[in-house]
Amino acid sequence: MILDRSLEIITSMNRLNTIVRAVARHAAAWLMLAGLIPSAAWASASCHSNYSAFTLSFPSTIAVARDLPDGSLLSAWSVSAATPNYWTCTVSDGWYTGTDFELAGIVAGAPTRYKASYNGVEFSVYATNVPGIGIALGGTVYAAKTQYGPWDFPVLGYERNNVGSPVDNGGQLIAALVKIGDVNPGTVSGLIARAFSWETAGKSPPGYNAASGSIDFNMTPVIITVLTCRTPDVTVPMGTLALTDLPALGPAPRKSASFNMSFDNCPAGTSVEGTTAGMIHSVQYRIDPANGTVSGFSNVAALSGTPSAGGVGIQLFDSAGAAIPLGTNLTLNGFNGAVASSYTVAMTARYYRTGPLSPGPANTTMTMTMYYQ
């Protein structure tokens, strides 16, 4: 080694004066320091971006049924162009370069509890700027023209480039909209991710170099609408009954009040391919008495208000004369989510004797709840 040879020369030069020997010792120390620096210190990477932005295409409008299950896909997967040369790098010796995708813009930093599967790979879902709407993000990377992935976000790929400079690195972003909660109408739009050039002497982060240029990934605006029908309140006049109208336990045999439950202005929708979004596929409804049912009697609503008549409740029947089950989900027959329309369900209400009668007001309130999927 040069370092050993220098020490031998210094040892053999006995005629040098003290100053010369001191200079020689400093020279040997300098040589020793230089010998300890690893060869990787002279390696380097100089990269520059070839692009500034990409835009992922989404449907211009997505309609969401109010009760579509959380975690449901709302759009098909949108994939940016497979681009192997986001960056071109001049690389020397053992240096790592690659691509690093990070969250940006409208996407919140922490993932939600939901996942979306892309070709068998689970992608994390992040909240967007519209309540109830999330976006699943993942991607692939090109490192030295070799494609890796798909991987969950954040996406990171790099390769040690020993030969073959210049080196190209790139990638591909993959995204889809997902329902993550109660949806408010709004527009999902903006920046969703940013890619950086990964450049480092080793594999440990941090390693991206913003000075080499970043690449923005935006999405086309998506107008989110919420699909529901309008359900007006209904008041049913029951009239006045005499004790003789309820001669025995059971419904009043002669008097009843007919009415319709209305499901108005149900919107038409268009199904989004590969998802359950875009339209209301089915409607269910249930009727719940405000004061519950009379103990010991099936589907007989208890009266509300004080004072109230004694020994009586109210029962509902369908158009075929069958008692309507209370507190049970029922399907709206004939519903077609592809056609804008209104629907009615014919019903009949009757008083139902449950015990000894006593006079008084005989009113009740029931709540109808609708479910859209």
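Just above, that's the structure.
Let us look at the structure shown here. (Residues numbered from 1 in each chain as written. Predicted model: local features only at pLDDT ≥ 70, side-chain atom pairs only at ≥ 80, totals over all residues. Heavy atoms only, no water.)

Take the overall build of the protein chain next. Counting its regular elements, the protein chain contains two helices and 22 strands. Put simply, the protein chain has 373 residues, and 42% of those count as buried. Across the protein chain, the fraction of contacts at a sequence separation of at least 24, relative to all contacts at a separation of at least 6, is 77%. (Helix = DSSP H or I, 4+ residues; strand = E, 2+ residues; numbered from the N terminus. Buried < 20%, exposed > 50% of the residue type's maximum accessible area, 1.4 Å probe, protein only. Contact = heavy atoms within 4.5 Å.)

Examined against the element boundaries, Phe317 turns out to sit in strand β19 (residues 310–318). For Phe317, a relative accessible area of 12% corresponds to the buried category. Expressed as a C-alpha distance, the spacing of Phe317 and Ala349, which sit 32 residues apart in the sequence, is 6.4 Å. In this view, Phe317 contacts Pro251, Ala322, Ala323, Ile324, Ala346, Met347, Thr348 and Arg350; residues no more than four positions away in its chain are not counted.

If you look at the biggest cluster of nonpolar residues, it comprises 41 residues, and the most contacted ones within it are Leu177 and Phe217. Ranked by the residues each element gives to this core, the list is headed by strand β15 (residues 215–227), at five residues. Those residues within four positions of Leu177 in sequence are excluded, and the remaining contacts are Phe58, Ile62, Ser72, Leu73, Leu74, Ser75, Ile133, Gly134, Ile135, Val188, Met219 and Val222. Grouped together as the second largest cluster of nonpolar side chains are 34 residues, Leu303, Ala309, Ile314 and Leu330 included. (Core = buried A, V, L, I, M, F, W, Y, C linked by side-chain atoms within 4.5 Å.)

Below, the discussion takes up the sheet that holds strand β20 (residues 330–331). Strand order across the open sheet formed by three strands is β20-β18-β22, with antiparallel pairing between neighbours. If you trace the sheet from one side to the other, it starts and ends with β20 and β22 (366–372), each paired once. (Pairing = 2+ DSSP bridges.)

So, to be careful, I would describe these as geometric facts and stop short of saying anything about function.
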